[in-house]
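Single-letter residue listing:
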Amino acid sequence: MSIKAFYKGLMVLFFGLLALALKGQKQGGIDYQIVGVDLYCYVDRDLSQTTIDSLLGTCDIKPEALALYHEKQISSASHWQVVEVNEQQIILRKPLKGLEGKPKEQKTLMEVLGLGPKSFVDDYRFGYNVFSKPAVWELDNSKTRFFLKVEGAKPESIYLSGTFNQWSTSACPMTACDSGYYADINLGEGAHYYKYIVNGHWLMDPRNRLKANDWEGNENSVYFKENYSFFLPGYKKAQKVHLAGSFSNWEPDNQGFIKVKGGWERPCYLEEGTHAYKFIVDGEWITDPTNPVIRKDEEGNENSFMAIGDTFYFYLPGYKNAAAPVVAGSFNDWNPIELKMTKTDSGWILPYVLAPGNYEYKFVLEYGHKWIIDPNNPHTNGEGNTKNSVLSLNPNKHFFYPHKKGLERVCLSGDFNAWPENGYTLEKQADGWHIDVHLPQGKTRYKFILNEDWVRDPNNPLFEPNEYDDYNSVIWMK
Amino acid sequence: MKRFILLFLILFSSFASADDGLYFGRYNKRLMMQRPVPHGEFNRLVLPMKNIGNLIIVEAVVDGIRGNFIFDTGAPYLVLNQTYFRDYEEVPDMMATDVNGNQLNQKVTRVNKLKMLGMYYDNVEADVSDLSVIENRLGVQILGLLGVNLFMRMEIEIDFKGEQIIIYRVDRSGRRLDQPYEPKINEYRIPFELSNNAILVKAKINDQALTFCIDSGAEAILLNNDLPAPAYQDIRIIRRSTLLGAGNSRSEVLLGAIRCIDIGMSLSNRQVLIADLEAIGQAYGKHIEGFIGYDLLKEGSLCINFKTQELILNVY
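As the structure is a computational prediction, the values presented were derived from the model and not from experiment.

Definitions and cut-offs
- Residues numbered from 1 in each chain as written.
- Chains lettered and ligands numbered in written order.
- Predicted model: local features only at pLDDT ≥ 70, side-chain atom pairs only at ≥ 80, totals over all residues.
- Heavy atoms only, no water.
- Helix = DSSP H or I, 4+ residues; strand = E, 2+ residues; numbered from the N terminus.
- Rg over C-alpha atoms; globule rule 2.2 N^0.38 Å.
- Buried < 20%, exposed > 50% of the residue type's maximum accessible area, 1.4 Å probe, protein only.
- Contact = heavy atoms within 4.5 Å.
- Areas by Shrake-Rupley, 256 points an atom, 1.4 Å probe, with all protein chains shown as cover.
- Lys, Arg positive; Asp, Glu negative; His and termini not counted.
- Charge placed at Lys NZ, Arg CZ, Asp CG, Glu CD.
- Pairing = 2+ DSSP bridges.
- Axes fitted to C-alpha atoms, helices over the stretch in contact; angles between N-to-C directions.
- Core = buried A, V, L, I, M, F, W, Y, C linked by side-chain atoms within 4.5 Å.
- Arc of directions from axis to C-beta.
- Domains from an automatic or database assignment.
- Buried area = accessible area lost by both parts, 1.4 Å probe.
- Salt bridge = Lys/Arg side-chain N within 4 Å of Asp/Glu carboxyl O.
- Polar contact = N/O pair within 3.5 Å; in protein donor to acceptor, adjacent residues only side chain to side chain.
- Nonpolar A, V, L, I, M, F, W, Y, C, P; charged D, E, K, R; others polar.
- Disulfide = S-S within 2.5 Å.
- Phe/Tyr/Trp six-rings, centres within 6.5 Å; stacked < 30°, edge-to-face > 60°.
- Lys NZ or Arg CZ within 6 Å of the ring centre and 35° of its normal.

1. Some words on the overall build of chain A
Part 1: Across its full length, chain A holds four helices and 40 strands.
Part 2: Its C-alpha radius of gyration of 31 Å places chain A more than 25% over the 23 Å reference for a compact globule of 478 residues.
Part 3: The C-alpha extent of chain A, read off along each of the three principal axes, is 85 × 70 × 70 Å.
Part 4: Evaluated residue by residue, chain A yields a buried proportion of 44% over its 478 residues.
Part 5: A separation threshold of at least 6 residues defines the contact pool for chain A, and within that pool the share at least 24 residues apart is 62%.
Part 6: Surface exposure of chain A reaches about 26,100 Å², of which carbon and sulfur atoms provide 51%.
Part 7: Of the charged side chains in chain A, 50 are positive and 60 negative; the average position of the first set lies 3 Å away from that of the second.

Right, dumping it as structure tokens:
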């Protein structure tokens with residue numbers, strides 16, 4: 001290679017690297033800078049035209065008028081001027097004093113920070129307790145006792161606070177006993193975060209080895225109200241037994257089973273629904289010898305299956321001469337072959353265990369060529385081909401709308417079903433329109449849709465403004 | 001003496017022109033008169049608090065309704081969330097107005113009892129406002145805001161790290177009745193001015209003297225869009241956003257990072273929001289150039305003494 005070619009190559013490399021470095025300073029091709037008391041906006045022409053047009057739209061500049069704005073030095077409605085237009089970039093400018101809007105409340109501006117709501121308890125599907133000494137236990141009267149050993153001077157105040165009482169700092173005072181303080185409360189199954197408040201100070205449970213971060217930078221103690229116990233008989237000589245399943249993404253649990261008389265046991269909390277699982281005995285994966293329900297997965301591995309919770313019976317009347325229909329829904333990613341129904345005298349049936357919640361489903365006929373809604377279910381969502389039957393398991397809220405002249409259809413739409421345009425249809429009964437729905441813990445906003453009009457719940461005094469200069473009804477589930 | 005001064009002010013204001021209404025100069029009579037008296041057997045009271053989204057949440061009970069309130073030094077008085085207190089009756093003899101005498105479209109009501117652990121107030125006035133935006137953003141039920149006038153007869157210590165607010169009864173000179181304050185090595189003393197219940201301090205950005213409001217409800221530093229040019233030199237703009245409000249109104253906000261702000265102590269590398277704060281400042285009757293809250297509170301335990309009008313920051 002000649003020296004000339006070598007130096008030419010070096011120059012190409014140098015300028016190439018320089019171009020890359022300069023490009024790297026831009027953030028997404030749109031850059032803002034304050035110079036003096038003016039705000040400048042630098043727009044990279046490498047961006048897609050859609051992005052550029054969208055940005056110009058926020059500056060009240062029509063893309064086709066860009067050259068005109070530049071030539072005539074016109075200001076847009078929001079005070080932007082076009083300073084420069086060339087092949088590489090567009091430069092816009094406006095006075096800082098021209099920032100739009102005069103907000104009346106500083107808190108509304110904080111939305112820009114994106115500090116949105118965080119979940120208070122992670123979605124635990126499986127878990128169990130690890131205490132160094134007994135600190136939380138179940139009583140015979142179905143209540144749960146939280147105990148805190150206190151030594152030294154009697155505290156002025158001591159409270160129990162957690163996700164079960166919305167972290168109230170005063171709702172649950174603790175009672176003195178011989179060696180400490182206790183509180184007996186009603187707890188639902190599942191995971192609960194908690195802490196003690198002693199003389200105004202937050203304190204984690206010193207005997208609880210389980211901790212969790214609530215994404216607000218706080219660490220909390222965790223208690224699982226257990227609802228199931230796995231048992232493996234025999235294996236007296238085994239050293240370690242662990243559990244893995246669909247509820248743990250097939251990761252073996254940390255602590256392992258407890259050796260008991262006759263075998264090994266693992267009491268735990270398990271989310272309602274149907275689960276696949278296996279035991280791991282000294283490294284060997286085995287199915288549950290006491291459970292006859294075994295199915296193969298996609299890779300041909302055999303897994304044990306069990307279910308927790310109430311069984312719902314899907315029923316399709318008729319179709320006696322048809323091939324076995326299938327139930328497909330939001331609970332199984334609309335799989336058209338997985339859940340085959342069983343024939344009965346009057347039709348077809350499928351028993352299935354589901355966790356509490358709202359689901360949409362359909363019956364699949366003719367080997368996937370025909371999808372129909374449940375003829376016995378008055379509640380649906382959607383229109384035409386996208387119309388599905390709606391099922392609410394363990395509903396905890398009843399919605400009612402009274403009869404009104406001219407009312408042909410009443411639907412319900414809200415946070416719990418992602419505000420569909422059509423909403424869940426209510427069933428027309430003698431006294432009005434009804435539906436039972438499962439609402440999650442926390443706040444739910446909703447509205448009724450009467451024929452096509454969106455209205456507040458007339459029976460609910462709680463409502464708040466929405467972005468359409470109207471109001472949404474509000475309900476809190478605890 | 002206080003009663004004499006108050007009587008004098010009321011008489012003087014009555015000789016003002018008919019247009020002035022409830023106004024005396026640029027001071028809101030309602031703010032001047034509303035300093036609720038705290039009751040309870042305490043000289044020192046510890047309120048456990050929760051941090052949610054950089055805000056201070058304290059539990060209180062209003063007429064038997066227990067719930068979360070935002071502890072907000074940027075709010076002049078008690079504010080109730082309209083969603084839950086819509087049916088409270090309006091107080092007919094007290095209009096809500098700004099400092100220029102313009103009547104506000106703001107409902108004012110009265111609560112029989114406001115209680116926070118061992119402390120309570122009787123017959124307290126409150127604004128009723130829409131707090132749904134904050135509530136939806138935080139994801140927890142917010143019954144209202146606890147504003148400055150509830151604490152003006154006392155000293156309050158906000159301990160963010162310790163997750164507690166301590167309330168001290170003080171004498172006329174501002175000395176704690178419980179135990180005298182012991183100066184610490186890592187403390188910063190910052191004098192403040194109280195203007196229409198806003199806690200105002202002097203701050204500096206790039207040697208530019210600015211008026212800031214200490215607002216515990218400010219999750220980031222907020223700057224006005226009309227500061228002198230040198231104040232913006234050390235700010236790098238990250239993003240420009242447009243917030244949509246009621247009636248299709250728009251607010252343009254810049255999110256940036258500031259190199260340094262001196263508020264009696266130096267704070268480095270902080271997030272800032274820049275917007276037109278004119279309407280917000282009007283509510284305080286003063287040209288406010290910035291708001292700061294969380295960024296100061298996370299540095300140390302902050303004591304606010306309304307008698308001596310001094311902040312003491314004990315750095316963690």
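2. Some thoughts on the sheet that holds strand 2 (residues 38-44) of chain A
Strand pairing in a sheet relies on backbone hydrogen bonds. The paired strands run either parallel or antiparallel.
Residue and element names in this part refer to chain A.
Part 1: In space, the four strands of this open sheet follow the order 1-2-4-3, with antiparallel pairing throughout. A strand with exactly one partner marks an edge of an open sheet, and here the two such strands are strand 1 (30-35) and strand 3 (81-85). The sheet shows a mean angle of 20° between the axes of neighbouring strands, taken without regard to direction.
Part 2: Bridging between strand 1 and strand 2 involves six bridges; their strand directions are antiparallel. Paired with Q33 across the strands is Y40, a residue of strand 2.
Part 3: Here helix 2 (residues 49-58) sits on the sheet and contacts strand 1, strand 2 and strand 4 (89-95); the angle it forms with strand 2, its principal contact strand, is near 165°.

3. As for the nonpolar core
Part 1: Formed by 89 residues in total, the largest nonpolar core has its most connected members in B:F151 and B:F212.
Part 2: Beyond its immediate chain neighbours, meaning those up to four positions away, B:F151 contacts B:F71, B:M116, B:M119, B:Y121, B:L146, B:I156, B:I167 and B:F306.
Part 3: Counting 20 residues, the second largest nonpolar core, distinct from the first, contains A:V112, B:L255, B:A275 and B:Y284.

4. Some thoughts on helix 2 of chain A
All names here are of chain A.
Part 1: Taken residue by residue, helix 2 has I52, L55 and L56 as its buried positions. What you see down the axis of helix 2 is that its buried residues fit within an arc of 100°, all on one side.
Part 2: Positive backbone phi, at 60°, marks D60, one or two positions downstream of helix 2.

5. Describing the domain arrangement of chain A
All names here are of chain A.
Part 1: Considered domain by domain, chain A is made up of domain 1 (3-113), domain 2 (126-225), domain 3 (228-308), domain 4 (311-392) and domain 5 (395-477).
Part 2: A separation of 31 Å is found between the C-alpha centroids of domain 3 and domain 4.
Part 3: Taken together, the contact pairs five residues of domain 3 with four residues of domain 4.
Part 4: Here domain 3 packs against domain 4, burying approximately 340 Å² in sum over the two surfaces, 64% of which is carbon and sulfur.
Part 5: Across the contact surface, domain 3 and domain 4 share zero salt bridges.
Part 6: For the pair domain 3 and domain 4, the number of links is zero residue pairs in polar contact (both at pLDDT 80 or more).
Part 7: Its residues assigned to classes, the side of domain 3 that touches domain 4 shows two nonpolar, two polar and one charged.

6. Looking at the state of the cysteines
Residue and element names in this part refer to chain A.
Part 1: Tallied over the full model, the rule gives zero disulfides over all chains.
Part 2: Unpaired in terms of disulfides, C41 finds its nearest cysteine sulfur in C59, a separation of 5.7 Å.
Part 3: Cysteine C172 remains unbridged, with the sulfur of C177 as its closest cysteine sulfur at 14 Å.
Part 4: C172 gets classed as buried once you look at its relative accessible area, which sits at 13%.

7. Regarding the packing of aromatic side chains
Part 1: The final tally for this structure, using the stated rule, is 37 aromatic pairs over all chains.
Part 2: With a centroid separation of 5.9 Å and 75° between ring planes, the pair formed by A:Y194 and A:Y196 is classed as edge-to-face. Comparing A:Y194 with A:Y196, the two get one shared label, buried.
Part 3: Plain terms: the ring middles of A:F224 and A:Y269 are 6.4 Å apart, the flat faces sit at 15° to each other, and that makes the pair stacked. With A:F224 in strand 14 (residues 219-225) and A:Y269 in strand 18 (residues 263-270), this pair connects stretches of sequence that are 45 residues apart. Assigned by exposure class, A:F224 and A:Y269 land together as buried.
Part 4: By the ring-pair criterion, three or more aromatic residues cluster together here, those being A:F126, A:Y128, A:Y228, A:F230, A:F247, A:F257, A:Y277 and A:F279.
Part 5: In this arrangement the basic side chain of B:R86 is found over the ring face of A:F463, its NZ or CZ atom lying 3.5 Å from the centre.
Part 6: A cation over an aromatic ring shows up here: B:R169 above the ring of B:F42, its NZ or CZ 4.3 Å from the ring centre.

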